[in-house]
Every structure is written in structure tokens, then in C-alpha cells.
Amino acid sequence: DTGVSQDPRHKITKRGQNVTFRCDPISEHNRLYWYRQTLGQGPEFLTYFQNEAQLEKSRLLSDRFSAERPKGSFSTLEIQRTEQGDSAMYLCASSLGVQGTQYFGPGTRLLVL
Amino acid sequence: KNEVEQSPQNLTAQEGEFITINCSYSVGISALHWLQQHPGGGIVSLFMLSSGKKKHGRLIATINIQEKHSSLHITASHPRDSAVYICAVTNEKLTFGTGTRLTIIP
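Residues numbered from 1 in each chain as written. Chains lettered and ligands numbered in written order. Predicted model: local features only at pLDDT ≥ 70, side-chain atom pairs only at ≥ 80, totals over all residues. Heavy atoms only, no water.

## Topic: the overall build of chain A
Phase 1 of the analysis: Looking only at helices and strands, chain A has zero helices and 11 strands in total.
Phase 2 of the analysis: Taken from the N to the C terminus, the helices and strands of chain A come in the order β-β-β-β-β-β-β-β-β-β-β.
Phase 3 of the analysis: Its C-alpha atoms give chain A a radius of gyration of 13 Å, near enough to 13 Å, the size a compact globule of 113 residues would have.
Phase 4 of the analysis: Its C-alpha atoms put chain A at 35 × 25 × 25 Å along the principal axes.
Phase 5 of the analysis: The 113 residues of chain A split such that 46% are buried.
Phase 6 of the analysis: Pairs at least 24 residues apart make up 53% of the contacts formed inside chain A by residues separated by at least 6 positions.
Phase 7 of the analysis: Across chain A, the 14 positively charged side chains and the 12 negatively charged ones have centroids separated by 5 Å. (Helix = DSSP H or I, 4+ residues; strand = E, 2+ residues; numbered from the N terminus. Rg over C-alpha atoms; globule rule 2.2 N^0.38 Å. Buried < 20%, exposed > 50% of the residue type's maximum accessible area, 1.4 Å probe, protein only. Contact = heavy atoms within 4.5 Å. Lys, Arg positive; Asp, Glu negative; His and termini not counted. Charge placed at Lys NZ, Arg CZ, Asp CG, Glu CD.)

Written out as C-alpha cells, the structure is:
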């Protein structure tokens, strides 16, 4: 296993468009996390899954954001009607259980014009 | 007030110096993480600890649960240690500090 992967690595879109990001976790990891990081700041929690169940969503995750993990493996994060304030690095991480070390993917850098 | 505070925000040092980065938190935690982030965004987990002290190579991490404080030390610092070091605490999910940007000058 090569670790957590994310696709795409970079995305430029126009305001109002929808975008979807994918995260493939380490295969045996049951927990998957999404974080967002803006320039000069630490990452902020968005949501996490245990297997296919979405257990918690941050208030940062407006109704334009939706995340799924349909089969408990890969996850998608969709942003509808993107706004310039959505420009950020979107990070995915996975772990084996709540006490396991979180392994991070390389991130998807989103720029909304 | 952030739940996780780091200091300093920026640190520049000469190669070979002993480096200390501090982290204080105000919430209950099950563990504390030290993470390293290089330009380009990749994050690597350095340590996860819930008590005492851990050492890996030139890196040492300590935590004092009663005082809600942790430190990351780098001995014999090297320019390749230049990165952003992030403290994060976990109770189900990670809550991050804003990071310390470390620059080691040759």
C-alpha cells in the first residue's frame, strides 16, 4: 500500500461551479477524515467517517458541502456552487481506529476564481 | 481563544542549534500529535503521545497532562528540518494549532 492518495492534486474552477474530490485511504483503515487548510493557518476539521458512517460534521461544513464514503473505502467531498472563500487545501487522512496514527494524503489545492 | 496554542509562530535558528517548540491546549484530549508540513502541503506525523516522552532520532516530544502542555525539541538542527511544525490534539478528531514555521540557516 502506498499510503493515502487524493485526486486531483490541483483544481482551478470558476465561482458557482461544482467540484468533487476523491480520497483513497490506506486499505485497512476504518477511519477517514477531511480537513481544510487556508494559507498560513493550521488545518481545520471538516468531517470524519468510521467505515461508511459519517460520525461528525463541523459547522464549517455548510449545506454546499457533502461527503460520502459509500462502501467504507474511498471517500468523496463535493462542493456545490463554489465561492472564492472555498479556496484552500483540502486534506484527507485515515487511521485504524480512534487511537491510530492519522496518515495524511498530499491534499487537493482548490482555487476558485 | 484557540483550543490549541503554539509558540513561537516563527523561529529562525542557525544550523546545530537546539530547537524548542511549545504547545498548550485547553480541552480534554486522548492524545497529542506533532506533525511536520513541508512546502507543497504534505503532512507527516512525527509523534503521537498521551504521556511522558518519546524520542525518534534527533526529535524529542514531551507532554505534561496536568499542565496541558507539550514541547517538541530538535537537537543538532539541520537545514532539512526547515518546515512548519503543527501541534494537534485528538478526542475523536484532530484540533490543530496554527503551526510554527521553522527555518534553519546553514
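Moving on, there is more to tell.
## Notes on the sheet that holds strand S1 (residues 4-7) of chain B
Residue and element names in this part refer to chain B.
Phase 1 of the analysis: Strands sit in the order S1-S3-S8-S7-S6 across an open sheet of five strands; the sheet is antiparallel. Two strands lie at the open edges of the sheet, namely S1 and strand S6 (52-56), each paired on one side alone. Taken over all neighbouring pairs, the strand axes of this sheet differ in orientation by 15 degrees on average, direction set aside. (Pairing = 2+ DSSP bridges. Axes fitted to C-alpha atoms, helices over the stretch in contact; angles between N-to-C directions.)

## Considering the confidence of the model for chain A
Phase 1 of the analysis: With 99% of its residues at a pLDDT of 70 or more, chain A has an overall mean of 93.
Phase 2 of the analysis: Of all helices and strands in chain A, the one with the weakest mean pLDDT is strand S6 (residues 53-57) of chain A (90), whereas strand S3 (residues 19-24) of chain A scores best (98). (pLDDT = per-residue confidence, 0-100.)

## With respect to the interface of chain B and chain A
Phase 1 of the analysis: In this complex, chain B contributes 15 residues to the contact, which on the side of chain A involves 22 residues.
Phase 2 of the analysis: Contact between chain B and chain A buries roughly 1500 Å² in total, counting both sides, with carbon and sulfur atoms accounting for 55%.
Phase 3 of the analysis: Three residues, B:Ile43, B:Glu92 and B:Lys93, lead the burial of chain B against chain A; their summed loss comes to 35% of the area buried on that side.
Phase 4 of the analysis: At the surface where chain B touches chain A, the tally comes to zero salt bridges.
Phase 5 of the analysis: There are one residue pair in polar contact (both at pLDDT 80 or more) connecting chain B and chain A.
Phase 6 of the analysis: Listed by contribution, the elements that provide at least two residues to the side of chain B that touches chain A are strand S4 (31-37), strand S5 (43-49) and strand S10 (93-96) of chain B.
Phase 7 of the analysis: Of the residues that constitute the side of chain B that touches chain A, the class distribution is six nonpolar, seven polar and two charged. (Buried area = accessible area lost by both parts, 1.4 Å probe. Salt bridge = Lys/Arg side-chain N within 4 Å of Asp/Glu carboxyl O. Polar contact = N/O pair within 3.5 Å; in protein donor to acceptor, adjacent residues only side chain to side chain. Nonpolar A, V, L, I, M, F, W, Y, C, P; charged D, E, K, R; others polar.)

## Observations regarding the pattern of salt bridges
A pair can form between side chains of opposite charge whenever their charged atoms are brought close.
Residues and elements named next belong to chain A.
Phase 1 of the analysis: This model, assessed by the stated rule, comprises four salt bridges over all chains.
Phase 2 of the analysis: In this structure, Glu83 engages Arg64 in a salt bridge whose closest nitrogen and oxygen atoms are separated by 3.4 Å. Placement of the pair is Glu83 in the loop between strand S8 (75-79) and strand S9 (88-95) and Arg64 in the loop between S6 and strand S7 (65-68), with a sequence separation of 19 residues.
Phase 3 of the analysis: When its relative accessible area of 9% is taken as the criterion, Arg64 is described as buried.
Phase 4 of the analysis: A salt bridge links Asp86 to Arg64; the shortest N-O distance between them is 2.8 Å. Of this pair, Asp86 sits in the loop between S8 and S9 while Arg64 sits in the loop between S6 and S7, and the two are 22 residues apart along the sequence. Accessibility classification places Asp86 together with Arg64 in one group, the buried group.
Phase 5 of the analysis: Each of the salt bridges in this network shares a partner with another, and the network as a whole consists of Arg64, Glu83 and Asp86.

## Considering a nonpolar patch on the surface
Phase 1 of the analysis: Where nonpolar side chains cluster on the molecular surface, the patch consists of A:Ile12, A:Leu111 and A:Leu113 and spans about 300 Å² of accessible area.
Phase 2 of the analysis: Within the secondary structure, A:Leu113 sits in the segment after strand S11 (108-112). (Patch = residues over 30% accessible without salt bridge, like charges linked within 9 Å, V, L, I, M, F, W, Y side chains within 5 Å. Areas by Shrake-Rupley, 256 points an atom, 1.4 Å probe, with all protein chains shown as cover.)

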